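Working through the structure, step by step
These are the residues of each chain, in order.
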Amino acid sequence: MKGRVLLLSSVSIVFVGCGGGANAPSGLSDCNQSGYDIYLGYYAENPSTNPEDPTAGFLIACIPSSNGSFKSQFLFSYLGCAGGVDIGTVDGNRIGNNLSGNWSGTVDGINIGGNFTGSWDGIKFSGAWDNSSGKVHIQIGSCEYYVAPDGTWVLYGLDSDDGGLNIQITGSSPTISWNNSISGVNGFLVSVYDKQCMYDKISLSECTMWSVACAGTISSLTYGTTPLGCMDLFPSQTLTSNEDYVVSITAYGSSQSDVKAFASKTFTAP
């Protein structure tokens, strides 16, 4: 997983989400099936094993309420040295409260992947991933970064709030606001997704309507307007009246991998 990106810094290498989704395990092509639901969250690189540039990215999954196959997609929050779309996919199974599978992806043409394991604690799924190639150094010209050898991940059901972000969506524009007084927060990753698209495709790369990175001083956004202190990761798309969308916000501290809070909230476009 990766990026040498430090959002809103002088190194403005960021991921722009677009492109196809992951291949599903046999029998799981969407999340509209009985007993399955969508989960949102994030992955983070281990800052101890990758102190050079630890980062985090977006994560979606379709997981059954009991035993069965699941599908997940990593959406990397950066552009690599050569640009293009970087997506990781996870295929696996749920047995009881445990998830296990394998993830794979390509970063700047380099194949990466490994194990993906975790469990349900009554509130969220969480666990660990590793890179079977170990720590990978990628360099193209003057651009270089590291792919961490391991890290963690967390997935929540929709409309969860872990950390007190208290997302509010108001007005006809609409306006998205949240609590920016959480201790130690230096920045926010804010994304808006098409809810039905997520169920139909289990893909953030295809279902992102807008995504921005904002400084820790920001506490509200009008949809489609990027104020000073924020940077577009994915340009805004037109919302359709009376359709459902989901806002997710990741609050991070000293680095993107230092996640302080995560929340999502469903709203209907005016």
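Description of the structure in this document. (Residues numbered from 1 in each chain as written. Predicted model: local features only at pLDDT ≥ 70, side-chain atom pairs only at ≥ 80, totals over all residues. Heavy atoms only, no water.)

Comments concerning the overall build of the chain
Stated formally: Elements are defined by DSSP. Helices are runs of H or I of four residues or more, strands are runs of E of two residues or more, and each kind is numbered from the N terminus. Residue contacts are defined here by distance: any two heavy atoms, one from each residue, within 4.5 Å place the two residues in contact. Exposure was quantified through the Shrake-Rupley algorithm and a 1.4 Å probe, taking into account, for residues, occlusion by the shown protein chains and nothing else.
For the chain, the helix and strand inventory stands at 1 helix and 19 strands. Nonlocal contacts in the chain, meaning residues at least 24 apart in sequence, comprise 62% of its contacts between residues at least 6 apart. Approximately 10,400 Å² of the chain is accessible, and the part contributed by carbon and sulfur atoms is 45%.

Concerning the pairing of strand β17 (residues 230-234)
Here is the rule we go by: Relative accessibility under 20% of the residue-type maximum defines a buried residue, over 50% an exposed one, and the middle range a partly exposed one, all with a 1.4 Å probe and only protein chains included. DSSP calls a pair of strands paired once it identifies at least 2 bridges connecting them.
With 4 of 5 residues buried, β17 is to be regarded as a mostly interior element. Relative to β17, strand β15 (residues 208-215) runs antiparallel, the two sharing 4 bridges. Among the inter-strand pairings, Val212 is bridged to a residue of β17, identified as Asp232.

Things to note about the packing of aromatic side chains
Basically, it comes down to this: Each pair of aromatic rings taken from Phe, Tyr and Trp, with Trp reduced to its six-membered ring, is defined by centres within 6.5 Å and is described as stacked if the planes are under 30 degrees apart, edge-to-face if over 60, and tilted in the remaining cases.
As enumerated under the stated definition, the model contains 12 aromatic pairs in all. Seen in terms of ring centroids, Tyr39 and Trp120 are 6.4 Å apart; in terms of plane orientation they differ by 75 degrees. Their pairing is edge-to-face. Of this pair, Tyr39 sits in strand β1 (residues 36-45) while Trp120 sits in strand β6 (residues 110-120); the two residues are 81 residues apart in sequence, bridging distant segments of the chain. The exposure class assigned to Tyr39 is buried, which follows from its relative accessible area of 12%. Taking the relative accessible area as the measure of exposure, Trp120 reaches 26% and is therefore partly exposed. Measuring from ring centre to ring centre gives 4.4 Å for Phe116 and Trp153, while their planes differ by 10 degrees; the resulting arrangement is stacked.

Focus on the sheet that holds β15
Strand order in the open sheet formed by 6 strands is β11-β19-β18-β14-β15-β17, with antiparallel pairing between adjacent strands. The open sheet has two edge strands, β11 (161-162) and β17, and neither has a second partner. One ladder, built from 8 bridges, connects strand β14 (residues 187-194) with strand β18 (residues 244-252); its direction is antiparallel. Each residue of the ladder has a partner; that of Val192, found in β18, is Val247.

Section: the nonpolar core
How we decide: In plain words, nonpolar cores are sets of buried Ala, Val, Leu, Ile, Met, Phe, Trp, Tyr and Cys residues tied together by side-chain atoms within 4.5 Å.
Ranked by size, the top nonpolar core spans 28 residues in total, and within it Cys31, Ile38, Leu40, Phe58, Cys62, Met198 and Leu204 carry the most contacts. Only β1, β2 (56-64), β10 (150-157), β14, α1 (195-201), β18 and β19 (259-268) provide two or more residues apiece to this core. Among the elements that line this core, the one with the most residues is β1, at 4 residues. Membership of the second largest hydrophobic core comes to 27 residues, among which are Ile169, Phe188, Tyr223 and Ile249.

With respect to the sheet that holds strand β12 (residues 168-170)
To keep things clear, this is the line we draw: In this analysis, axes come from line fits to C-alpha atoms, helices being fitted only over the stretch in contact, and the angle between any two N-to-C directions falls in the range 0 to 180 degrees.
Pairing within the open sheet is antiparallel, and its 3 strands lie in the order β12-β13-β16. On the outer flanks of this sheet lie β12 and β16 (220-222), each paired with one strand and no other. Adjacent strand axes in the sheet meet at a mean angle of 15 degrees, parallel and antiparallel pairs treated alike.

Some words on the state of the cysteines
As a reminder of what qualifies: In this description, a disulfide is simply a cysteine sulfur pair whose atoms lie within 2.5 Å.
Enumeration over the complete set of coordinates arrives at 3 disulfides. The disulfide bridge from Cys31 ends at Cys62, spanning 2.2 Å between sulfur atoms. Where Cys31 bonds to Cys62 through sulfur, the torsion about that S-S bond is close to 90 degrees, and the disulfide is right-handed. With Cys31 in the segment before β1 and Cys62 in strand β2, the pair connects residues that are 31 residues apart, well separated along the chain. Of the two residues examined, Cys31 and Cys62, each falls in the buried class.

Observations regarding the pattern of salt bridges
What counts is decided by this rule: Salt bridge, as used here, is a side-chain nitrogen of Lys or Arg placed within 4 Å of a carboxyl oxygen of Asp or Glu.
For the coordinates displayed, the defined rule picks out 3 salt bridges. Among the salt bridges present, the one from Glu52 reaches Lys135, with a minimum N-O distance of 2.7 Å. Here Glu52 is found in the loop between β1 and β2, whereas its partner Lys135 is found in the loop between β7 (125-130) and β8 (136-140), with 83 residues between them in sequence. Classification of Lys135 by relative accessible area gives partly exposed; the value is 33%.

Quick look at unusual backbone geometry
Residue Pro174 is bonded to the preceding Ser173 through a cis peptide linkage, with omega at -10 degrees. A positive phi angle, close to 50 degrees, is found at Asn166, a residue other than glycine. Secondary-structure assignment places Asn166 in the loop between β11 and β12. Asn166 gets classed as partly exposed once you look at its relative accessible area, which sits at 47%. Even without being a glycine, Ile202 presents a positive backbone phi close to 50 degrees. Among the secondary structure elements, Ile202 is positioned in the loop between α1 and β15. Accessibility expressed as a relative area gives 0% for Ile202, which makes it buried.

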